[in-house]
Amino acid sequence: MRINAKESELKQVAAKVAEYTFNMDLTWDWPGGVAYYGVSRLYEVTGDQAYLDRMIAWVDEYIEAGLPVWTVNSCAIGHMLLTLYEQTKDDRYLELINSKLDYLENKALRFGDRVLQHTVSANNDFPEQCWADTLFMAAYFMLRAGIMFDKKHLVDDALHQFYWHINYLQDENDALWYHGYNNIKQDHMSGIYWARANAWAAYTMSRAAKILPEAYLYPPMMHIWSALRDQLAAIKKLQKDDGLWGTVLDYSEAYGEVSATAGIAAAMITQGNTLHGKYVQKALEGVLDNISDNGRVRNVSGGTAVMNDIAGYLGIDRKWAQGWGQGLALAFLASTIEKVKRESERN
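Cut-off values and rules
- Position numbers for residues count from 1 along each chain, tracking the sequence in the order it is written.
- Per-residue local features of the predicted model are confined to residues with pLDDT of at least 70, and side-chain atom pairs are confined, for both listing and counting, to 80 or more; whole-chain, interface and lining totals are unaffected and use all residues.
- Excluded from the side-chain calculations are hydrogens and water; all other atoms, namely the structure's heavy atoms, are used.
- Strands are runs of DSSP state E lasting at least two residues, helices are runs of H or I lasting at least four, and both sets are numbered from the N terminus onward.
- Only protein chains enter the accessibility calculation, which uses a 1.4 Å probe; a residue is then buried when its area is under 20% of its type maximum, exposed when over 50%, and partly exposed in between.
- Between two residues, a contact is recorded if the distance between any of their heavy atoms is within 4.5 Å.
- When a carboxyl oxygen of Asp or Glu lies within 4 Å of a side-chain nitrogen of Lys or Arg, that pair is called a salt bridge.
- Residue count minus one, scaled by 1.5 Å, sets the expected span of a helix.
- It is the directions from the helix axis to the C-beta atoms whose arc is reported.
- Side-chain atoms alone can form a polar contact between residues adjacent in sequence; in general such a contact is a pair of N or O atoms within 3.5 Å, and within protein one must be able to donate a hydrogen while the other accepts it.
- Only centres within 6.5 Å qualify two rings of Phe, Tyr or Trp (six-membered ring in Trp) as a pair; their planes then separate them into stacked at under 30 degrees, edge-to-face at over 60, and tilted for everything else.
- A ring has a charge above it when a Lys NZ or an Arg CZ is no more than 6 Å from the ring centre and no more than 35 degrees off the ring normal.

### So, the side chain of Ser335
Reasoning step 1: With respect to the helices and strands, Ser335 occurs in helix 13 (residues 323–346).
Reasoning step 2: For Ser335, a relative accessible area of 2% puts it in the buried group.
Reasoning step 3: Apart from residues no more than four positions distant in its own chain, Ser335 is found in contact with Arg41, Ala266, Ile269 and Thr270.

Here it is, written out as structure tokens:
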């Protein structure tokens, strides 16, 4: 896969996005979790100490001010904590990581075959509902932690979550993902193929396949590889002329949504199918066209529950910057920088 872009220019854009992100009033919840995951990926790729220092300063200030109760969504902050602990070995970060893992393993609501219920607050928000978002907020975090600390039970539980989310949410016929599943009613509620849900799925499946050592020894990984392959094969056909994917994937009138586009394109880079290069190139151009000079990522849909119908999804506001938009754009830019750098080293 070849991408027509300059590493130096991508780093300049990413620096602006990161700067805007640091200046947002993000809290210890999933918007901040996704945003700072993007920054941590940018740090991993560039090695720029300033990104690490500013993440440390943010986390340390929040620890002093006081932390919220854990939910599935707030566990997304764990991604940044993993990066901080890996780099600093500060036991305070390890303590928080372990606290989040203990919550997910022993306290978080589950249903069926120990499937994590999606929760956004301390209340039982969505009884026995499975959302694609949980893969990023919890399962991918557990997988990263299991690998980092060599804890097989965490790896197994993470892959277990991927297995069941695929079974509940991915349509076997067209390979696209529904936003959510209601286990009580045994349905997909509105049955919408929401783009960001597909981005959560594609991005985390691609990363899981990349980071797990000897992944072929884990039976659920065969499920993940096939699910990702078929999902991306279906998604690529739905890309709009401007490089974006619509917020409802299979509805041609849906507006192009930038956070989903960034997550999907990053998944394509990570999966590494050479024939996806042209789709990634178009997506890169589309995303860059939606980044303001000050680093604000535009055309990102606001927080979205499983809506009742297409009109509900199309009516979600996209005027304001969002932490998940900044974070997924940074994750995409980081993957692109990484890819362009590898290509230049080969040549």
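And the narrative resumes.
### Focus: the pattern of salt bridges
Reasoning step 1: Going through the model one piece at a time under the given rule, you end up with 15 salt bridges.
Reasoning step 2: Of the charged contacts in the structure, one is a salt bridge between Glu257 and Arg196, with a shortest N-O distance of 3.3 Å. Note that Glu257 is positioned in strand 6 (residues 256–257) and Arg196 in helix 8 (residues 195–211), a separation of 61 residues in sequence. The same class applies to Glu257 as to Arg196, namely buried.
Reasoning step 3: Put simply, Asp230 and Arg229 hold a salt bridge, and the shortest N to O gap is 2.8 Å.
Reasoning step 4: Here the salt bridges do not stand alone but share partners, grouping Arg41, Glu44, Arg144 and Glu338 into one network.

### Here's the deal with helix 1 (residues 7–22)
Reasoning step 1: An ideal rise of 1.5 Å per residue puts 22 Å on 16 residues; helix 1 measures up with 22 Å between its terminal C-alpha atoms.
Reasoning step 2: Every buried residue belonging to helix 1 is among Leu10, Ala14, Val17, Ala18, Thr21 and Phe22, and all of these are buried. Projected down its long axis, helix 1 carries its buried residues within an arc of 135 degrees, all on one side.
Reasoning step 3: The secondary structure elements touched by the buried residues of helix 1 are helix 2 (30–46), helix 3 (49–65), helix 11 (277–288) and helix 13.

### Side note on helix 5 (residues 91–107)
Reasoning step 1: For helix 5, spanning 17 residues, the distance from its first C-alpha to its last is 23 Å, which sits close to the expected 24 Å at 1.5 Å a residue.
Reasoning step 2: Where helix 5 is concerned, the buried positions are Tyr93, Leu96, Ile97, Lys100, Leu101, Tyr103, Leu104 and Glu105.
Reasoning step 3: Each element contacted by the buried residues of helix 5 is listed here: helix 3, helix 4 (78–88), strand 1 (110–111), strand 2 (115–116), helix 6 (133–148) and helix 7 (152–169).
Reasoning step 4: Where helix 5 begins, one side-chain oxygen reaches toward the backbone nitrogen of Arg92, 2.9 Å away; that side chain belongs to Asp90.

### Brief notes about the environment of Asn308
Reasoning step 1: Within the secondary structure, Asn308 is located in the loop between helix 11 and helix 12 (310–314).
Reasoning step 2: The exposure class of Asn308 is exposed, given its relative accessible area of 73%.
Reasoning step 3: Considering only alpha carbons, one finds Asn308 and Ile192, 116 residues apart in sequence, at a separation of 8.8 Å.

### Focus: the packing of aromatic side chains
Reasoning step 1: Counted by the stated rule, this structure contains 21 aromatic pairs.
Reasoning step 2: On the numbers, 5.5 Å between centres and 35 degrees between planes, the contact of Trp164 with Tyr168 is tilted. Remark: Tyr168 and Trp164 occur in helix 7; sequence separation between them is four residues, near one turn of the helix.
Reasoning step 3: Between Trp194 and Tyr313 the ring centres are 6.1 Å apart and the planes differ by 40 degrees, which places this aromatic pair in the tilted class. Of this pair, Trp194 sits in the loop between strand 4 (180–182) and helix 8 while Tyr313 sits in helix 12, and the two are 119 residues apart along the sequence. The residues Trp194 and Tyr313 share a single accessibility class, namely buried.
Reasoning step 4: Ring pairs connect the aromatic residues Phe22, Trp28, Tyr36, Trp58, Tyr62 and Trp70, which therefore count as one cluster.
Reasoning step 5: Sitting over the face of the ring of Trp70, Lys100 holds its NZ or CZ atom 3.5 Å from the ring centroid.
Reasoning step 6: Lying over the aromatic face of Trp320, Lys319 brings its terminal NZ or CZ to 5.4 Å of the ring centre.

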